Structures are given as structure tokens and as C-alpha cells.
Amino acid sequence: MSNPSPEFVNPYFCEPSPPSTKGMEEEDFLRRLETLQDSFRQVTGWDVKWHVRSKEIPSNGEEPSAEGEEITEGISFSLKPGAGRCKGSGKDSDPLLSSRGRSPQTQEAVLQLAEGVADLLGEIHRLQQTLWQREAELATGVPVVADFSDRKTLAPRLQAILRAGVEAVGADAAGVYLLDEATTCLKLRCVWGLPIQKLAAPPRPLRGALADLEALLGHAVVLDDLARMPSWQSPEKEFGAAVCTPISTETTLLGTLWVFSKQPRDFTSQQTNILEVIAGRIAAELEREVLLAETAALKPWKDHLYQLQQWHEEQADWSASCGEGWEIGLWQESGPAGWGEFFQRFAWGDEGTALVLGRVHEQGLRAVLEAVRIRSVVQAHAEHVQQPHRLLHQVDETLWTSSAGECQAAVWVGRLGRTNSTPSDQMQLQYAAAGRMSLVLVTCEGWKSLSEPSPPLAARPKPSAASTGPLGKPLESDREIPQYKNRRHRLRRGETLVIFPAVEARAEATAIRGGRGDDRLRQMEAQLAEHLRGRLDKPAPQLAELAQKFLERQDIGLLPQSLLVLKAR
């Protein structure tokens, strides 16, 4: 584009084509709609038009407004009496166009026919779109192995892409200018047809680079005569024409691609489209390089996480054997979701056996570390304390004094045994709980909830600023000491106790304050008990599996990741 007045010379911008959702399959579907509309008109004499509807903008760009319009999901139609005639009829007039054909009964029949066809078309269109999207999603499931040695070939790959783009549009040189982290400068990173020494040139400031700024807005800027366009700040002055194209991903602006021609010339829309594809290929290569670098950096951490998971499961002793007179069934979710759950089994006193089940209110690696810390503290204090509630009190004191932060935990501690006064067919259980723990006792005659509210471990009310220490913790003299209750229960042969960390229902901030959260938990405990009552003849491990599968089907928000079944035998 030339202009005899240099003062008014302006580049022209190639607006990027809006992303189209119409592929070849969509266009074929629309052509079939037109054929079907013609056939409907010829058979019935009524004009009908089916429209492919979307949630954003109708595919035809306009809202159907004819009388008799009905809208279905995916397909809408407009219907009105026409002036067509049925083919194959020996009469000049169509019976549907006669006075009888315009009767309310006939109109209703035609409307139902059009609506039924629209329903079928909508279903076909939805299936086609779902198939199209699903196949694209399945394409990403192809296993791809990253070859980290290929990262050294980035420079020659970018140069080959530039060369292909320059030759495709008949230009002479090209350069890739990428933004710095502060998005204030553009640095030349790759060239083709330009001296290699230009890569050592200092970055160009983005301020004042009008062509680059315009390109970063999404335009391909064409400068057909650089000598008469000095205000557009071309990075190379010795060329006659240039095109500046943005390099960007879906969410990030990376820089600009400049393609130069020695002589003043025009660039067609097809050529600018090619350069946009080249810029997209460069962006894909850069993004691929970033992903490879991140994958290489994360690979050692993935190995560490796998080893940590294996170690946590081994240390937790989830394969605990049955104690004398008891059956134990355990279940724990493997993987990061269950890292905050822990279980312990150890000898407690002369003839007692201790069981500990707990959940830490943390996520990720911190959950594992806190779970290991609490398990270690519990077992250390059990050497000197023989009562479950006293053990929880000592553990709470240690966690509170040894931690600068606040890590809450829900823990159940039980001691199994048989005293001399206990009948031979009954087993003695002594236990205490801290935090929200669900305990459901199931017998052949019925069930009973043993759950009680109890403060979690290492939890304190938020203090005022005046009563806090240097680390923001409440002063020792101002803290409230939690009280844990010691409970005793005798289980007859066959009776089963199900224990798991209680979870808060969805919208707990409002539901629990009104009591509805606890009601939902009690309802779920009742359903779980009824689910297990008729299966108490099964071993404890099978009962644990049945309880776990039942909880997975409940809409209670965050599911418990561990479960203990204790059965007297």
C-alpha cells in the first residue's frame, strides 16, 4: 500500500480471524439441514428453518423470531405457513395449504412434526460435538516420553522455523524478539538472514516501539515502506518492508516476530496468515521448552514423593494382625489424599494392646510430617501413661509447647483387654477421643452412636493481641487446658465398633452452626449401621471394606481417608 503523502503513510493491520467452531463436520451438518428444510417444505407446504444453537451466539448470527418458534437444547426452529406444493401430487393445490390444511389440528400436527425432527437433530448434533471433543481429549492420553537431550536442539529448530516462514512469504530475513520478565524490553533471541552478531545487541525498550505494541494487542502489522514509516520503530532500518506478528500462547504474551523484505512491497492476507502460523509454532516450541525444563526439575521431587508415600504406608502398620479376642479391620486411602491419616498398634502395659487412629488437618508433605510427629509423641508418652484420656492430655501438652504454629488433629486412642471381672464372652475396651471422631457400635439387635464432642489436639481459641507471645502464640498462663473423657465399654462376641475421623459436610460454615452438620453426620452413621447389621458374620477386614464402599457413595463432602473396624470374637 503506497501513498503519495509521506506524512499520512500508515500501516495496515491484519485483524486475526476469530476462532471458528465450525469444522468440516459442522458445515456438512448445516448443508444437510438445508436439504431437510427443502424436503419438509415440499411435503407439508410449511416453511421451516432449523437453527443450530449454542450457549454464546447462534451459529447463523441472528435470533429466530418467526411466530411458532420453539427452542430445544442445541436446535431451535421457526415455522410458518408457506406457498409450496407437494411433489408427486396430481393436483395443483397442496391439501395442507387448503382451508382444511390450515385447521388447528393440522397446524398442531405440523408443529409436533417439526418439534420432533428438531429433537432428533439436537441429539445428533450433541453426539457429534461430544465425539469431536472426546476424541481430541483422548489424543492427549497418548503416552509421551520427554527426551531431555533434545533440549540442545532448540536454537536450530527455531532457526529452521524462521527460514521456512521467510521462504514461504518470499521475504529475506526474520528475527524473534522476546519480552523480558518486567515486560519493559524486547531482546533479539533468534535470527535468520540477519548477522549473528545482532544477537549481542542490547534489548530494545518497549516504550515507543509502536509496531511491537500494536502487534502485542493482537494485530499483524504490515509496514510496506519502512523509509516512509520511521515512527513505527522498525528494529532493522536497512530493509524496505516488514511484518510484525505477535508471539503468544493462549494466556501469555511472549514477544514479536519480525519478517523483513529488502524492497518495499505488499504482504497479502494469505502471507500474513502464514506468518501467524509461524509465530504460533515458535510459541509452541518455547512453551514446550519451558515444560521440559519444569519436568526435568520436578522429576527428582516425584521420586521423593513416591518414596515418602511408601515409607508412610510402611510406618503406619496398616497390616496389623488381630489381637487376642479381637478382630481388626483397617482401610486407608493410598496416595496423597491419605497422608494426613495415621494408625498405630503397640503393646500398652503388661497385658493391654493400644490402637491409635487419627487425622491431621493439613495437606501434602506437611500432613505427613505432622502425622509422623504425633505418632512419635503418642508412643513416647505411652511408656509412662496407662490411661487413654491422660495420654491424650500429655500429647496435647507436648504438641502445644513444641510447635510454633497450630496444627490441629483428631485422634482416637483405645486400649484392648480383658479384666478378671469381665465375663468370658465379653471384651473390655477403654478409649478416649480428641476432635471429631465417629464411633458407631453395631450389634445384631441394633446400633448406637458413641460419638461425643471433644476438643482437637493442639487447638486453642484465638487470643487477643495483648495476650500473645513473640511468635503470636497465646501465653502459657492464658491458654485453656482441654479436658478429654475416659470411656469404658464391654463388647460381647460378634459386636462391632466402627471408628473413623468425622468429616464436615459441605457448607460447614453455616450448616454446623445451625446444627445441621451434626444431624447429617448422625444420619450417615445410622445408615452405615443398618448397612452392616446384616453382615456382622463377616470378618472385620471385610466389614471395613464394606463400610469404606458405603461412605464413598455418601454426599458428605470430604470423605474420611482411613477407617478402623474393631470386632469382639
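Preceding block: the structure.
Residues numbered from 1 in each chain as written. Predicted model: local features only at pLDDT ≥ 70, side-chain atom pairs only at ≥ 80, totals over all residues. Heavy atoms only, no water.

## Examining unusual backbone geometry
The general pattern is negative phi for most residues beyond glycine and trans for most peptide bonds.
And then number 1: A positive phi angle, near 50 degrees, is found at Thr-183, a position not held by glycine.
And then number 2: Structurally, Thr-183 is set in the loop between β5 (173–179) and β6 (185–192).
And then number 3: A relative accessible area of 47% means that Thr-183 is categorised as partly exposed.
And then number 4: You will see that Gln-233, though not glycine, has its phi angle at about 55 degrees, which is positive.
And then number 5: Topologically, Gln-233 is positioned in the loop between β8 (220–223) and β9 (241–248). (Helix = DSSP H or I, 4+ residues; strand = E, 2+ residues; numbered from the N terminus. Buried < 20%, exposed > 50% of the residue type's maximum accessible area, 1.4 Å probe, protein only.)

## Here we look at the sheet that holds strand β13 (residues 352–360)
And then number 1: One open sheet accounts for 5 strands, arranged β12-β13-β14-β15-β18; its pairing is antiparallel. Whereas interior strands pair on both sides, the edge strands pair on one side only; in this sheet they are β12 (341–348) and β18 (487–492). Recorded for the sheet is a direction-independent mean angle of 20 degrees between the axes of neighbouring strands.
And then number 2: Strands in contact with helix α6 (residues 364–381) are β12, β13 and β14 (409–417); relative to β12, the strand with the most contacts, it is inclined by about 15 degrees.
And then number 3: Of the strands in this sheet, β12, β14 and β15 (426–434) are in contact with helix α7 (residues 388–402), which crosses β15 at around 25 degrees. (Pairing = 2+ DSSP bridges. Axes fitted to C-alpha atoms, helices over the stretch in contact; angles between N-to-C directions. Contact = heavy atoms within 4.5 Å.)

## Focus: the pairing of β8
And then number 1: Burial along β8 is two-sided: Ala-220 and Val-222 and Val-221 and Leu-223, pointing in opposite directions, are all buried.
And then number 2: Across 3 bridges, β8 lies against β9 in antiparallel orientation. Within the sheet, the bridge partner assigned to Val-222 lies in β9 and is Val-243.

## Examining the packing of α6 against α7
And then number 1: Where α6 meets α7, the closest approach of the two axes is 9 Å, and the angle between their N-to-C directions is 130 degrees. It follows from the interaxial angle that α6 and α7 lie oblique. Note that α6 runs across α7; the crossing there is right-handed. Between α6, through Arg-373, Ile-374, Val-377, Val-378 and His-381, and α7, the contact on the second element is made entirely by Leu-391, Gln-394, Val-395, Thr-398, Leu-399 and Ser-402.
And then number 2: Residues of the contact of α6 with α7, tallied by class, amount to 6 nonpolar, 4 polar and 1 charged. (Parallel < 35°, antiparallel > 145°, perpendicular 65-115°, else oblique. Left-handed = near helix turned anticlockwise from the far one by under 90°. Nonpolar A, V, L, I, M, F, W, Y, C, P; charged D, E, K, R; others polar.)

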